[in-house]
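Notes for the structure review
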Amino acid sequence: MPALYTSPLAEALAPDLLERFTRYVQIDTQSKVDREQSPSTPGQLDLSRLLVQELQTLGLADAELDQHGYVYATLPATVDDAPAIGLVAHVDVSPDAPASGVKPLVHRDYDGGVIELPLGGTYLDPAEMPELRDKRGHDIVTSSGDTLLGADDKAGVAAIMAAVHYLVEHPELDRTTLRICFTPDEEIGHGATLFDIEKFGARCAYTIDGSALGELQDESFTAVEARLRIDGVAVHPGQATGKMVSALRIAAEIIAALPSDRLTPDTTSDREGFLHPVTLDGGAGAAQIRVIVRDFDEALLESHVELLRSTAERTVASHPGAKLDFQLVRQYRNMHEYVRRDPEVVAVAEAAIRAEGIEPLRSPIRGGTDGSRLSEMGLPTPNIFDGGYEYHSVREWASLQDMAASAATIVRLTGIWAQANER
Ligand SMILES: [Zn+2]
């Protein structure tokens, strides 16, 4: 029987972590696209206020909620001249699945079989979930089946809180200064938008927003969104002979002319990028298509954009009377370009994960995190695992043992940074 916890430290952190995690997930913090204010939804503030209160109770006297819904707090160092290091997690959960009325269930000592959830006909089948297969004997946390769980990213929030609690109770441990930030609206791409890097004042930061045990990510997609507007000629359909030019049909033609056997989310993996139409709307007079374009490599991203542009131009040109407007919006860039300039940031994270007895998993993120934009804004911010799986789904689950390993990694990280000035 292998030891289920990665270390006695992880085991010591687990009860506090679980208690916090199950409390946080019950607060509905779902964010909303096309936001009108920050945060996009009031529920996020309920959790953020609770976190400020809990941080103050732990003795972090400067814990505050700013006017944009960001929580900031400091845990002072116990050694002299150590750098301030940031820890970041997001309080919001994805709009992709129901998120109100989350009732977490703890399945103790998982037997390795199918986990049936009481609601929604939802089940977790290890045959379909290779990661669940390895968790026999773990304590698995799920929703009741009709909502997401919210481990993305409340597992990260709870891991940071449990680690801070532990460090407060163990002032004898060498630790560096920790700057903590809980961000709103990460899931809608705005976690970094109003982040005050100057006030944060950290040398670097870590998002605790990865997934599988051991994950350490310093590469993300570079992301742009293309917005195509097609203008046609709208005429009463009964009088349209030889006159109407349907923008909606042209838009559909453009999408149909894009590759479907490659360069799509479902036909690519690892380091391959894609073109992904996310919305199509309009009518005969005008139609809009939004396409997200992703790659790890800037030159390849450009070539995907050019493929989209030339396909759209050619299609529209074959319909006299139609017009095309093609706009590009930059979303975030591959953080690797920025993080690699300060190699110690990743090296310390690797050392912390190894100190916890885990082999670091270095996989690129097929998406973005708060760290993608923060790194570009000047704060190198790689991403560390938090022990949750199957994000943005009613099948989302987390392993208590893996979440505890994440919290333990944070404790070790602060200890290694405390020695930074001695190296
Ligand atoms: Zn997340």
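Residues numbered from 1 in each chain as written. Predicted model: local features only at pLDDT ≥ 70, side-chain atom pairs only at ≥ 80, totals over all residues. Heavy atoms only, no water.

Examining the coordination of the zinc ion
Reference values for coordination geometry: four tetrahedral donors around a metal ideally subtend 109.5 degrees, six octahedral donors ideally subtend 90 or 180 degrees. Stated precisely, the cut-off is as follows: As a rule, N, O and S atoms within 2.8 Å of a metal are its donors, except that Na, K and Ca use 3.2 Å; water is not among the atoms, so sites may look incomplete. For four-coordinate sites, all angles between 85 and 135 degrees define a tetrahedron; for four- and six-coordinate sites, opposite donors beyond 155 degrees with the remaining angles between 65 and 115 define square planar and octahedral shapes respectively, and all other cases count as irregular. Helical segments are the DSSP runs of H or I of at least four residues, strand segments are the runs of E of at least two, and each set is numbered from the N terminus. In this scheme, a residue with accessible area under 20% of its type's maximum is buried, one over 50% is exposed, and one in between is partly exposed, where area comes from a 1.4 Å probe on protein chains only.
Coordination of the zinc ion by the protein involves His 90 (NE2), Asp 152 (OD), Asp 209 (OD) and Asp 209 (OD), with metal-donor separations of 1.9 to 2.7 Å. Around the zinc ion sit 4 donor atoms; with metal-centred angles ranging over 52 to 147 degrees, the donor geometry is irregular. Site description for the zinc ion: donor spacing in sequence, H-x61-D-x56-D. One end of the pair, His 90, is in strand β3 (residues 84–90); the other, Asp 209, is in the loop between β9 (204–208) and β10 (216–217), with 119 residues separating them in the sequence. Classification of His 90 by relative accessible area gives buried; the value is 1%.

Brief notes about the nonpolar core
Buried together is how nonpolar side chains tend to be arranged in soluble globular proteins. Put simply, the rule is: Side-chain atoms within 4.5 Å are what join buried Ala, Val, Leu, Ile, Met, Phe, Trp, Tyr and Cys residues into a set we call a nonpolar core.
In this structure, Leu 17, Phe 21, Ile 160, Phe 182, Tyr 206 and Leu 413 are the most contacted members of the largest nonpolar core, which totals 73 residues. If you tally residues by element for this core, the top one is helix α4 (residues 151–169), at 12 residues. Among the nonpolar cores identified, the runner-up in size contains 23 residues, and Ala 226, Leu 228, Ala 251 and Leu 258 belong to it.

A word on helix α1 (residues 8–25)
Put simply, the rule reads: By definition here, a helix of n residues has an expected span of 1.5 Å times n minus one. The angle separating two fitted axes, one through the seven residues that finish at a residue and one through the seven that start at it, defines the bend at that residue. Contact between two residues is taken to exist if any of their heavy atoms lie within 4.5 Å; hydrogens are not considered. In protein, a polar contact means a hydrogen-donor-capable atom and an acceptor-capable atom, both N or O and within 3.5 Å, with residues adjacent in sequence counting only if both atoms are side-chain atoms; elsewhere, any N or O pair within 3.5 Å suffices.
The first and last C-alpha atoms of α1 sit 26 Å apart over 18 residues, in line with the 26 Å expected at 1.5 Å per residue. Largest kink in α1: about 40 degrees, centred on Ala 14, with the proline Pro 15 one to four residues after it. Looking only at α1, the buried set comprises Leu 9, Ala 10, Leu 13, Ala 14, Asp 16, Leu 17, Leu 18, Arg 20, Phe 21, Thr 22, Tyr 24 and Val 25. Close packing links the buried residues of α1 with α2 (43–57), β4 (105–107), β7 (140–142), α4 and α11 (400–418). Backbone nitrogen of Leu 9 and a side-chain oxygen of the N-cap are separated by 3.3 Å at the start of α1; the cap is Ser 7.

Considering the sheet that holds strand β2 (residues 71–75)
To keep it simple, the criterion reads: The pairing criterion for strands is at least two bridges between them, as found by DSSP. As a rule, the C-alpha atoms of each element are fitted with a line to give its axis, helices using only the stretch in contact, and angles between N-to-C directions run from 0 to 180 degrees.
The strand order across the open sheet built from 7 strands is β1-β2-β8-β3-β9-β15-β10, with neighbouring strands paired in mixed fashion. For this open sheet the edge positions go to β1 (64–65) and β10, each flanked by a neighbour on one side alone. Note: β3 against strand β8 (residues 177–183), 7 bridges, orientation parallel. Directly across from Ile 85, in β8, lies its bridge partner Leu 178. The sheet strands contacting α11 are β3, β8, β9 and β15 (383–384), and the helix crosses β9 at an angle near 170 degrees.

Notes on unusual backbone geometry
Trans is the prevailing form of peptide bonds, just as negative phi is the prevailing case for residues other than glycine. The amide bond that connects Ser 38 to the next residue, Pro 39, takes the cis arrangement and shows omega of -5 degrees. You can see Pro 39 is positioned in the loop between α1 and α2. Omega for the bond connecting Asp 152 with Asp 153 falls within 30 degrees of zero, at 10 degrees, which places this linkage in the cis form. With respect to the element layout, Asp 153 can be found in helix α4. Even without being glycine, Asp 81 reaches a positive phi, approximately 60 degrees. Tracing the backbone shows Asp 81 in the loop between β2 and β3. The phi angle at His 392 is positive, at roughly 65 degrees, despite the residue not being glycine. Inspection of the secondary structure assignment puts His 392 in the loop between β16 (388–389) and β17 (397–399).

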